[in-house]
Amino acid sequence: MKSRVWVVLIALAITLCAASAALAGGEVNVYNWEDYISEDALELFEEETGITVNYMRFTTNEDMLVQVRADPTNYDVIFPSDYIIERLISEDLLEELDWRNIPNASYTLDWLNSPSYDPQGKFSVPYMWGTVGVLYNTRMVSEPIDSWTAMWDQQYENNVFMMDSIRDTIGVTLKMLGYSMNERGQDALDAVRDKLIEQKRAGIVKAYQVDETKDKMIAGEAAMGVVWSGDAAYAIGYNEDLAYVVPKEGSNIWVDGMCVPKGARNKENAEIFIDFMCRPDVALMNFEEIWYCTPNAGVIELLDEETLADETVFPPQDVIDRCEFYQDIASDITRFNRIWLAVKSAR
Amino acid sequence: MKRSSFAAPYGLWMLVFTIVPIFIIVYYAFTINGAVTLDNFRMFLEPEFVGILTFSLWLAFLCTLLCLLFGYPCALFLAGRDMRRATLFVVLFVIPMWMNFLLRTYAWMTLLEDTGLINRFLEWIGIGRKRLMYTENAVLFGLVYNFLPFMIFPIYSVLVRSDRNLEEAAQDLGANAWLVFLRVTLPLSLPGVVSGVSMVFMPAVTTFVVPRLLGGGSFMMFGDLIENQFLTTGDWNFGSALSLIMMGLIFISLGILHRFNPDAESNGAVW
């Protein structure tokens with residue numbers, strides 16, 4: 001009986017200690033993509049700083065943007081992509097970062113230091129970058145895939161996963177039709193809509209999804225799917241039959257940054273968090289968990305030749321050259337969404 | 001202290017979480033950037049939006065019909081058992097409901113997919129893979145699976161409470177089993193059917209996520225559309241208009257159901 005009392009007391013003491021440590025460090029509200037961080041890195045952060053991380057997840061940029069707009073003060077660190085950062089800056093929804101608190105940001109690769117979406121380099125620290133391409137199962141296709149048109153090929157009926165994300169799916173269709181990914185003309189968008197509806201009605205599309213695709217591809221559920229490069233690298237790690245290609249027509253190259261929304265309640269903790277994520281050993285943990293291309297020179301130094309030669313993770317220059325960044329489409333999102341709804345509701 | 005003051009906390013709750021939000025929705029639905037307009041409703045008349053609504057209504061109708069077809073015999077069966085065993089069956093029906101329906105839907109995904117358990121079994125016995133997931137039928141199946149208990153239990157509870165002597169009296173007066181069912185059991189169970197139908201049809205029309213998971217994002221229902229307006233486009237005005245239209249439809253279907261309910265006058269409610 002007595003020993004049981006002790007156990008309870010000790011448990012209580014530990015809880016109190018943990019709670020007071022958390023109180024001492026305060027908290028930080030992090031809003032990141034689904035499957036986009038190493039859980040161990042988060043734990044290490046809490047251990048080292050005593051700051052409690054309230055971790056929240058989103059699936060697409062557009063979902064995140066709506067939430068941040070509704071109340072930016074709910075979040076301290078967010079992980080938007082390039083064109084959304086551009087958007088947030090233009091809407092005055094981001095805090096300027098205090099670089100004195102983020103010394104590890106100096107590890108960022110040169111070409112990402114003042115990117116087009118944040119020209120003065122005031123508001124964001126790159127977290128990961130990558131491409132959009134096709135992940136395909138070499139056993140289920142008749143020849144290696146090199147073009148977006150394969151996703152409209154009738155022989156792959158019920159065998160193609162498209163991405164349930166407005167910009168990406170409309171973007172790759174624009175590319176296939178020979179437009180820029182940033183084309184906004186109504187004729188081009190109408191052509192995209194017709195092409196996507198044609199693809200859906202022909203029964204080629206198996207599903208529109210985002211985070212599920214990598215696991216379904218590992219399981220051999222479909223011949224190909226549109227994915228982000230990190231998901232591709234992750235899936236190839238589990239199934240050797242899979243291969244990734246950035247089609248010859250070109251595609252999207254993107255950077256996800258870490259930003260602090262306007263009026264964030266714990267800006268200092270946010271900067272501590274961002275700095276921690278840029279520390280090479282932590283950035284390496286994240287890299288090895290999610291396999292997106294790291295913008296951190298410190299991590300690249302730690303990697304071996306074989307990893308650096310992996311073209312899925314580190315795209316070669318000719319791939320980068322045929323890719324383009326998304327630009328912010330501002331209020332045209334309504335028109336894009338109409339196209340998207342027409343596709344999604346088509347039967 | 002007056003008795004009615006006990007209801008005050010609930011009244012406050014209703015005010016803050018039901019009445020006020022409805023007014024907010026109405027405000028958003030009839031304005032764009034603060035200016036009063038009907039444009040949100042006009043936009044709904046575009047073919048893709050009307051199409052999504054009719055598709056949802058059709059699917060919810062099929063779902064309700066199937067739930068009734070499967071649920072009624074099931075409720076009859078449960079109500080017909082002797083007390084002890086009936087409890088066991090009822091518990092067996094309730095157990096799956098202890099788990100969140102999303103988790104159950106995810107479980108179905110791993111069963112139904114091309115490389116899933118069911119297809120592996122079909123392959124093993126030589127039938128070969130069937131396309132089970134990402135189809136309209138998969139969505140319908142998911143809806144029926146999730147809402148079936150909401151049909152069974154209202155009918156069951158009415159059947160269990162109904163007076164058995166009436167059935168016996170009908171038999172004594174020479175009615176065969178069919179006639180007893182048609183003229184006595186069925187009419188007596190109508191209030192249960194009506195509340196079952198309303199408890200299945202209405203949530204089925206507004207379902208979201210389930211169609212996305214089992215239909216692979218290819219079958220958009222009205223609930224998904226409302227979600228899309230709030231979460232992806234951020235158009236709260238149009239989203240609110242859609243929600244109001246949804247509410248209107250629910251009230252209309254409640255009204256229609258109300259007419260079918262023989263008990264309506266005595267208890268004044270459908271459930």
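What counts as what
- Residues numbered from 1 in each chain as written.
- Chains lettered and ligands numbered in written order.
- Predicted model: local features only at pLDDT ≥ 70, side-chain atom pairs only at ≥ 80, totals over all residues.
- Buried ≥ 20, exposed ≤ 12 C-beta atoms within 10 Å, placed from the backbone.
- Helix = DSSP H or I, 4+ residues; strand = E, 2+ residues; numbered from the N terminus.
- Pairing = 2+ DSSP bridges.
- Domains from an automatic or database assignment.
- Contact = placed C-beta atoms within 7 Å.
- Nonpolar A, V, L, I, M, F, W, Y, C, P; charged D, E, K, R; others polar.
- pLDDT = per-residue confidence, 0-100.
- Axes fitted to C-alpha atoms, helices over the stretch in contact; angles between N-to-C directions.
- Parallel < 35°, antiparallel > 145°, perpendicular 65-115°, else oblique.
- Left-handed = near helix turned anticlockwise from the far one by under 90°.

**Student:** Got a sec to walk through the pairing of strand β4 (residues 125-137) of chain A? Specific residues and values, please.
**Tutor:** Residue and element names in this part refer to chain A. Burial of β4 is extensive: 13 of the 13 residues sit out of reach of the surface. Where β4 and strand β9 (residues 251-258) come together, six bridges link them in antiparallel fashion. Looking across to β9, one finds that V125 is bridged to M258. As defined by bridge partners, β4 adjoins strand β7 (residues 224-228) across five bridges and the pair is classed as antiparallel.

**Student:** Requested: an account of the domain arrangement of chain A, with residues and values cited.
**Tutor:** All names here are of chain A. According to the domain assignment, chain A contains domain 1 (2-127 + 256-308) and domain 2 (130-253 + 316-345). Each of domain 1 and domain 2 was reduced to a C-alpha centroid, and the two centroids are 29 Å apart. Taken together, the contact pairs 15 residues of domain 1 with 13 residues of domain 2. For the side of domain 1 that touches domain 2, the element with the most residues is helix α4 (residues 82-90), which contributes five residues. Classifying every residue of the side of domain 1 that touches domain 2 by side-chain character gives five nonpolar, four polar and six charged.

**Student:** Give me the confidence of the model for chain B: which residues, what numbers.
**Tutor:** Residues and elements named next belong to chain B. Per-residue confidence for chain B averages 87 on the pLDDT scale, and 94% of its residues sit at or above 70. At the level of individual helices and strands, chain B shows its lowest average pLDDT in helix α13 (residues 264-267), which scores 49, and its highest in helix α1 (residues 8-29), which scores 93. As scored by the predictor, the complex reaches a pTM of 0.84 and an ipTM of 0.81.

**Student:** Describe α4(A), naming the residues involved and giving the relevant values.
**Tutor:** Most of α4(A) is tucked away: seven of the nine residues are buried. Among the structural elements, α3 (61-70) and β9 of chain A are those in contact with the buried residues of α4(A).

**Student:** Hey, could you go over the packing of helix α6 (residues 186-201) of chain A against helix α14 (residues 333-345) of chain A for me, with residue numbers and the actual values?
**Tutor:** All names here are of chain A. The geometry of α6 relative to α14 is characterised by a closest axis approach of 9 Å and an angle of 20 degrees between their N-to-C directions. With respect to α14, the axis of α6 lies roughly parallel. As for how α6 packs across α14, the hand of that crossing is right-handed. In this structure, α6 contributes L189, V192, R193, L196, I197 and K200 to the contact, and α14 contributes R335, I339, A342 and V343. Broken down by class, the residue content of the contact of α6 with α14 amounts to seven nonpolar, no polar and three charged.

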